[in-house]
Amino acid sequence: MSRFSFRTPLRLAGLVALALGSHAAAQAAGTSGCTALYALAGGNITYVSPAGQSSLVVASGGTTVNGAALDPVSGNVYLIDRSNTGTTPAQNDLKVLNTDTGVVTTVGAITLPTGNPQVVGASFDNTPGNSRLFLLYSNYTLQEIDEATGTVVRNNIAITLPATYNNQAMTKSTATSGDMVFDGATGNLYAVLNGVVNSNDNPYIMNLGTLPGTGTAVTATNPVQMTFNGPLVRSTVNGIAINPVPNPDVVYVTTSATTATGNAGSTPAGIFTVDLATGVLTNLNGNGTGYTDLSDCAVAPAPPTVTKAFGASTIRMTTTAVPTTTTLTITISNTNPGAYFTTAPIVDTLPSGVVIAPNPGLSTTCVLSNSTTATPVAAVPSATAGGTTVTLPKDVRIPGPGSCTVTVSVTGTTRGLKTNVIPANTVSTTAGSPTTDATATLTVNGVEATIRKTQSVPGGTGATSPLNRKPGEEIEYCITATHKGALYPDATAAAIKDTLANTLEFVPNRYNGATQDVQLIRGTAAPTFFKYATTVTGQTLSLSIMPFNAANPTAQVCFYARVR
């Protein structure tokens, strides 16, 4: 009786947009807090997908908040609460949303500029490592704020409008609405401001250039009238933002619903993309109704990463020393300082021959975007015993820097090397998609081999057919084991064994000049030889054929026996 024995190791087998500048080229090597586009709606803070769709509320900032600004250094959202104006001097409160925890806190009070104007916009200037926070007021002035305290750093920075538009005089309106945003590539500040031309009061996008570190005056240039069904009505625009994801950067604006008046056309409430060169708005399918402001942050973040691994990378379909199930772990990671959010479910489709185990043991550390530190809301994944998919819902918050995981137990139904892949382009987040697929391999059933035994008269040709020999005559036996190749793991132990019938006995000294008892041939290598003293116990011969793997796939053991 010939036998082949082996063990296997537990090892791993094998939008309409205007490109304002090359943010990706300038920031690709680093990270950024610009991991999501946020919108204010009815006092709530929500993130917005690149398609303009809002999702779960991230936090509540109060019904009087305005002027959302996303800090590219910390990834936190700063808000201006306009409810505290009854003080002397008049003040607003500076609040901050920690995007990792979902908690809004008050930083401090901001003293309003001369005349107590209303804040209409806010933006960080994207200075690397130390961004400066600026506010835009309804009296066409800017204010620089210390975001750590709310203290005014520079006040009453007056904006001068261009003298003309299309060769006609331009003047300021009685007050301006709008918003502003810094371009992370050029450092230029763009503002939506009301301008009066030929008695028509309409919003224009204007370039305020790079703000100097000192001084109290800036000049707007290159006014572009904003249009949708004709020029926009005064005070239509209430938010503008540059989103560096996806590239090229997309410029968004939000509007209130208006009806045609004067030279202006009607505009639905919603979120639009806008071409800064022409001022033309493109409606994003009616999304964004109720948005009153947008955050802005134009420095491209590092893309998300998704990885996966099997706890035991080799399993069998039957119960052996190697486990019949293994734990699949999917990890979603964020190297940026601020949180990002998944805008679509992450679905892992298992490869053919791998299914969810009878006891899935499904668990996750991921939470939804509306979680807070005090009240976490689990992002409950789905996976059914015997099924082939694991799904993590959308609206998951990935803290920055940080990660979360999904784990589930799987088992194999067919043999072979199984490659499990989550394609990068199927993962959608506010920070973009991963640059590489998430891949892990699982070997089901471990090592497999074929074995063949031949017999022949001395000097003859081996065959598997019966051989008739008389007592005292000899037979040469050769047993060949062949590894099944790269789809199967290396053996950690492998031996060819043969137990002779009691009517046979081992014959010594038949190899290597009649000095050796057993011959081992591996592939095309020269034979090696052994004595029975080290290979035979009783009627059983056993010889190791290690290493036994795809690189060393064949081993042949030959010996002589005599009929008693």
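Residues numbered from 1 in each chain as written. Predicted model: local features only at pLDDT ≥ 70, side-chain atom pairs only at ≥ 80, totals over all residues. Heavy atoms only, no water.

A.B. asks: Would you explain the overall build of the protein in this entry?
C.D. replies: Counting secondary structure elements, the protein contains 2 helices and 46 strands. For 564 residues, the compact-globule estimate of 2.2 N^0.38 gives 24 Å, and the protein exceeds it by more than 25% at 37 Å. By principal-axis analysis of the C-alpha atoms, the protein measures approximately 125 × 45 × 40 Å. Buried residues in the protein amount to 52% of all 564 residues. Here the protein carries 26 positive and 26 negative side-chain charges, and the mean point of each set is 22 Å from the other. (Helix = DSSP H or I, 4+ residues; strand = E, 2+ residues; numbered from the N terminus. Rg over C-alpha atoms; globule rule 2.2 N^0.38 Å. Buried < 20%, exposed > 50% of the residue type's maximum accessible area, 1.4 Å probe, protein only. Lys, Arg positive; Asp, Glu negative; His and termini not counted. Charge placed at Lys NZ, Arg CZ, Asp CG, Glu CD.)

A.B. asks: For this particular structure, what's the right way to read the nonpolar core?
C.D. replies: Nonpolar side chains tend toward joint burial in soluble globular proteins. Formed by 30 residues in total, the largest nonpolar core has its most connected members in I332, C366, L392 and V410. Elements supplying a minimum of two residues to this core: β25 (305–310), β27 (325–334), β30 (354–356), β33 (389–392), β34 (396–398), β35 (402–412) and β37 (438–444). Among all residues touching L392, those that are not within four sequence positions of it are I332, P345, I346, T364, C366, A379, P381 and V406. Within the second largest apolar cluster, 24 residues are counted, among which are A481, V536, V557 and A561. (Core = buried A, V, L, I, M, F, W, Y, C linked by side-chain atoms within 4.5 Å. Contact = heavy atoms within 4.5 Å.)

A.B. asks: Just to check I follow, could you spell out the sheet that holds β34 for this structure?
C.D. replies: Within a beta sheet, neighbouring strands are joined by backbone hydrogen bonds and run either parallel or antiparallel to one another. Strand order in the open sheet made by the 3 strands is β28-β34-β32, with antiparallel pairing throughout. One side of each edge strand has no neighbouring strand; the edge strands of this open sheet are β28 (340–341) and β32 (367–368). In this structure, β32 lies alongside β34, joined through 2 bridges in antiparallel fashion. By the bridge assignment for β34, L368 is matched with V396. (Pairing = 2+ DSSP bridges.)

A.B. asks: Which parts of the structure should I look at to understand the confidence of the model for the protein?
C.D. replies: Atomic detail in the predicted coordinates should be set aside for any region of low pLDDT. Mean pLDDT over the protein: 87, with 91% of residues reaching 70 or higher. The low-confidence segment residues 1–29 (pLDDT under 50) makes 101 contacts with residues lying over four places distant or belonging to another chain. (pLDDT = per-residue confidence, 0-100.)

A.B. asks: How do you make sense of the environment of V224 when you look at a structure like this?
C.D. replies: Considering the arrangement of structural elements, one finds V224 in strand β19 (residues 221–225). The class for V224 is buried, based on a relative accessible area of 15%. Sequence separation between V224 and Y165 is 59 residues, and the spatial gap between their C-alpha atoms is 8.5 Å. Excluding residues that lie within four positions of it along the chain, V224 makes contacts with Y204, I205, L276, A277, T278 and G279.

A.B. asks: Please clarify how the pattern of salt bridges should be interpreted in this entry.
C.D. replies: Taken as a whole and assessed by the stated rule, the structure comprises 15 salt bridges. Residues R562 and E505 are paired through a salt bridge, measuring 3.0 Å at the closest nitrogen-oxygen approach. Here the residue R562 occupies a position in strand β46 (residues 554–563), and E505 occupies one in strand β41 (residues 504–507), the gap between them amounting to 57 residues. Here E505 falls in the partly exposed class, since its relative accessible area comes to 23%. (Salt bridge = Lys/Arg side-chain N within 4 Å of Asp/Glu carboxyl O.)

A.B. asks: Explain the state of the cysteines here, please?
C.D. replies: Any covalent bond linking the sulfur atoms of two cysteines counts as a disulfide. Evaluation of the coordinates by the stated rule reveals 3 disulfides. Each sulfur of the disulfide joining C366 and C404 lies 2.0 Å from the other. Its S-S torsion of approximately 85 degrees makes the covalent link between C366 and C404 right-handed. Linking C366 in the loop between β31 (363–364) and β32 with C404 in strand β35, this pair joins segments that are 38 residues apart in sequence. Take C366 and C404: they sit in the same class, and that class is buried. Covalently, C478 is tied to C558 through a disulfide, its sulfur atoms 2.1 Å apart. (Disulfide = S-S within 2.5 Å.)

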